[in-house]
Amino acid sequence: MTTIHQLIARRCRRGQFNSVFYSGNPSNVSDALPSAAVLPKPRLDYRAIAESIVYKSHNALNRNFPLPVGALQSIARSYAEQKEISSRLDAKRHARSILGDRIRTIKDPAEKQDALNEAKTLKYEVTQLQEKLAVIEETLLGLALYLPNDTHPDAPIGPEDAATILSTHGPPPTPASADRDHVAVGRALGLFDFEAGAVVTGSSWYYLRGDAAFLENALTNYAISVAQQHGFEFVMTPDVVRADIALRCGFQPRDHNSDNPASQMYHIAGSHPELVLSGTAEIPLGGMFANRIFAENALPAKVVGLGRSFRAEAGARGADTRGLYRVHQFSKVELFVVCEQDASARYLEELRQVQTEIFQGLGFPFRVLDMPTEELGASAYRKYDMEAWMPGRGTWGEISSTSNCTDYQTRRLHIRYRPPTPSHSSQTGKPSGLTLPATLKPFWLGTSGVVRWI
């Protein structure tokens, strides 16, 4: 079975998380994964990590990604120890199996008692090795979960202002003017009510009224209709997800390094397993495919989701967060693709084309950026942002992003596919037999009529 890749595209009114990382003791995976996880523990590629320590170190540095001191070296040592213990354990198990077979044939009581004593010793040694292996695997996973995804070699290195402009679309930008400030315009036309939102809920909450509410509805329906024309299945996602699913998708439900430990997502008090309000439809869409094995011919799976996104946004205040640009709740259309591992780059470009088509149809100026390493967060291998010209702010502002997450999320969510067995098909398209090399024919003992030799 093969791990598959995921791609995510978003249409939203504000920026995404810029950095997420696992907090807690790196030697204990229980600090990184909720104790009430319903999925198996992530299956990470420890061998690839251990064989590329230098690259992984430079990659984390380029992404400005915090890693515990010595984490990569500890992974390499722990992986070597895991292999050594696994080898010893396999040998002991094999010896137990052989001894068990021999005990069943022994007739002499004294000889049989000696064999039983040996079996008892082997059982104890197997138990000890199993316990050691469990501890080292827990340590290894806890360390490896800290690592961000690899980075595409063409991604610019550096902070946000190192982004490369790939293309510009639409009419020339309208000159910047305070008269076009969206808050002032919206209030003059009775489109927004921030004051009522502050009374009912708090700061950065709002009401959309009249034409603004109709506009949001029209925009989401329009984006979904374009996605459907490109073969995406429409999905309405749940807005409440398990914290474990959010964490596996690369979103940190709790930032233990902040003064407010619940600074990234809203947590539902008293829930068990712990539940959070989804920060993006990417999370429930990813969870929809979790712990499944797909036939290769069932891929790609392309879905477009509509959900409410909730962001606690602790500390996010200032001129760039005024009005609707950075709020605690907003509607978002999400394009999500699960594909074969060799196809993710191609589908990243398809997502980019779909998003470009959506925005070109709206007729405003926007540009596509290849985002630099420090803007990739934990899960993205490569990310394109789309920014619209906002004359009321006098600057470009993000309205959408597209990410290729390769196998970062699929390994954590246990999303896999099984490559097909070579076969030939009937004219109806249904498999009708196996095509096998003629070299094997002299050694074929079966009488099946579904084999064709070539």
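Residues numbered from 1 in each chain as written. Predicted model: local features only at pLDDT ≥ 70, side-chain atom pairs only at ≥ 80, totals over all residues. Heavy atoms only, no water.

## Some thoughts on the overall build of the protein chain
Next, step 1: If you tally the helices and strands in the protein chain, you get 11 helices and 18 strands.
Next, step 2: Relative to its 454 residues, the protein chain shows a buried fraction of 47%.
Next, step 3: By sequence separation, contacts in the protein chain at least 24 residues apart represent 74% of the contacts at least 6 residues apart.
Next, step 4: Only carbon and sulfur atoms are counted for the fraction: they give 53% of the accessible area of the protein chain, which is about 22,600 Å². (Helix = DSSP H or I, 4+ residues; strand = E, 2+ residues; numbered from the N terminus. Buried < 20%, exposed > 50% of the residue type's maximum accessible area, 1.4 Å probe, protein only. Contact = heavy atoms within 4.5 Å. Areas by Shrake-Rupley, 256 points an atom, 1.4 Å probe, with all protein chains shown as cover.)

## Some remarks on the state of the cysteines
Defined simply, a disulfide is a covalent bond joining two cysteines at their sulfur atoms.
Next, step 1: Per the counting criterion, the structure on display carries zero disulfides.
Next, step 2: Looking at C249, it has no disulfide partner, and the nearest cysteine sulfur is the one in C405, 8.7 Å off.
Next, step 3: Since its relative accessible area comes to 0%, C249 is described here as buried.
Next, step 4: Given the relative accessible area of 1%, C405 is considered buried. (Disulfide = S-S within 2.5 Å.)

## Some remarks on the packing of aromatic side chains
Next, step 1: Per the stated rule, a full pass over the model turns up eight aromatic pairs.
Next, step 2: Judged by centre distance (5.9 Å) and plane angle (50 degrees), the ring pair of F289 and F294 falls under tilted.
Next, step 3: For F294, a relative accessible area of 8% gives the class buried.
Next, step 4: Ring geometry for W389 against W396: centres 5.6 Å apart, planes inclined by 65 degrees, an arrangement best described as edge-to-face.
Next, step 5: The class of W389 is buried, set by a relative accessible area of 19%.
Next, step 6: The rings of F289, F294 and F336 are connected pair by pair, giving a single aromatic cluster.
Next, step 7: Over the aromatic face of Y384 sits the side chain of R352, whose NZ or CZ is 5.0 Å from the ring centroid. (Phe/Tyr/Trp six-rings, centres within 6.5 Å; stacked < 30°, edge-to-face > 60°. Lys NZ or Arg CZ within 6 Å of the ring centre and 35° of its normal.)

## Side note on the pattern of salt bridges
Next, step 1: Applying the stated rule across the entire model yields 18 salt bridges.
Next, step 2: Here K302 and E350 are joined by a salt bridge, their closest N and O atoms 2.7 Å apart. With K302 in strand β10 (residues 301–310) and E350 in helix α10 (residues 344–360), this residue pair connects regions lying 48 residues apart in the sequence. (Salt bridge = Lys/Arg side-chain N within 4 Å of Asp/Glu carboxyl O.)

## Here's the deal with unusual backbone geometry
Next, step 1: P273 follows H272 through a cis peptide bond whose omega is 0 degrees.
Next, step 2: Summarising the element assignment, P273 is placed in the loop between α8 (243–248) and β8 (275–277).
Next, step 3: Note the cis peptide between L299 and P300, where omega equals 5 degrees.
Next, step 4: Residue position: P300 is located in the loop between β9 (292–295) and β10.
Next, step 5: At S204, a position not held by glycine, the phi torsion is positive, near 70 degrees.
Next, step 6: Here S204 is to be found in the loop between α6 (194–200) and β5 (207–208).

## Concerning the nonpolar core
Next, step 1: F232, V304 and L335 are the most contacted members of the largest nonpolar core, which totals 26 residues.
Next, step 2: Ranked by the residues each element gives to this core, the list is headed by α10, at six residues.
Next, step 3: The next biggest cluster of nonpolar side chains, apart from the first, holds 23 residues, and it includes L39, F289, A301 and Y417. (Core = buried A, V, L, I, M, F, W, Y, C linked by side-chain atoms within 4.5 Å.)

## Comments concerning the pairing of strand β12 (residues 366–370)
Next, step 1: Here β12 lies mainly inside the structure; five of its five residues are buried.
Next, step 2: Burial along β12 is two-sided: F366, V368 and D370 and R367 and L369, pointing in opposite directions, are all buried.
Next, step 3: Sheet analysis places strand β3 (residues 164–169) next to β12, joined by five bridges and oriented antiparallel. Pairing of I165 across the sheet is with L369, part of β12.
Next, step 4: Pairing of β12 with strand β13 (residues 382–390), which is carried by five bridges, proceeds in the antiparallel orientation. Looking across to β13, one finds that F366 is bridged to A388. (Pairing = 2+ DSSP bridges.)

## Here we look at helix α3 (residues 71–103)
Next, step 1: Compared with the 48 Å implied by 1.5 Å per residue over 33 residues, the 47 Å span of α3 between its first and last C-alpha is a close match.
Next, step 2: Taken residue by residue, α3 has A71, L72, S74, I75, S78, Y79, Q82, I85, L89, L99 and I103 as its buried positions.
Next, step 3: Where α3 is buried, its residues touch α1 (46–50), α2 (53–62) and α4 (109–144). (Expected span 1.5 Å × (residues − 1).)

## Looking at a nonpolar patch on the surface
Next, step 1: Residues V199, V200 and Y207 make up a contiguous nonpolar surface patch of about 320 Å² in total accessible area.
Next, step 2: Mapped onto the elements of the fold, V200 is located in helix α6. (Patch = residues over 30% accessible without salt bridge, like charges linked within 9 Å, V, L, I, M, F, W, Y side chains within 5 Å.)

## Here we look at the confidence of the model for the protein chain
Any residue range with low pLDDT should be treated as having predicted coordinates unsuitable for detailed reading.
Next, step 1: With 81% of its residues at a pLDDT of 70 or more, the protein chain shows a mean pLDDT of 85.
Next, step 2: In this model residues 12–31 is a low-confidence stretch, pLDDT under 50, and it forms 73 contacts with partners more than four residues away in sequence or in other chains.
Next, step 3: Long-range and interchain partners of residues 255–259, a stretch whose pLDDT sits below 50, account for nine contacts in this model, where long-range means more than four residues apart. (pLDDT = per-residue confidence, 0-100.)

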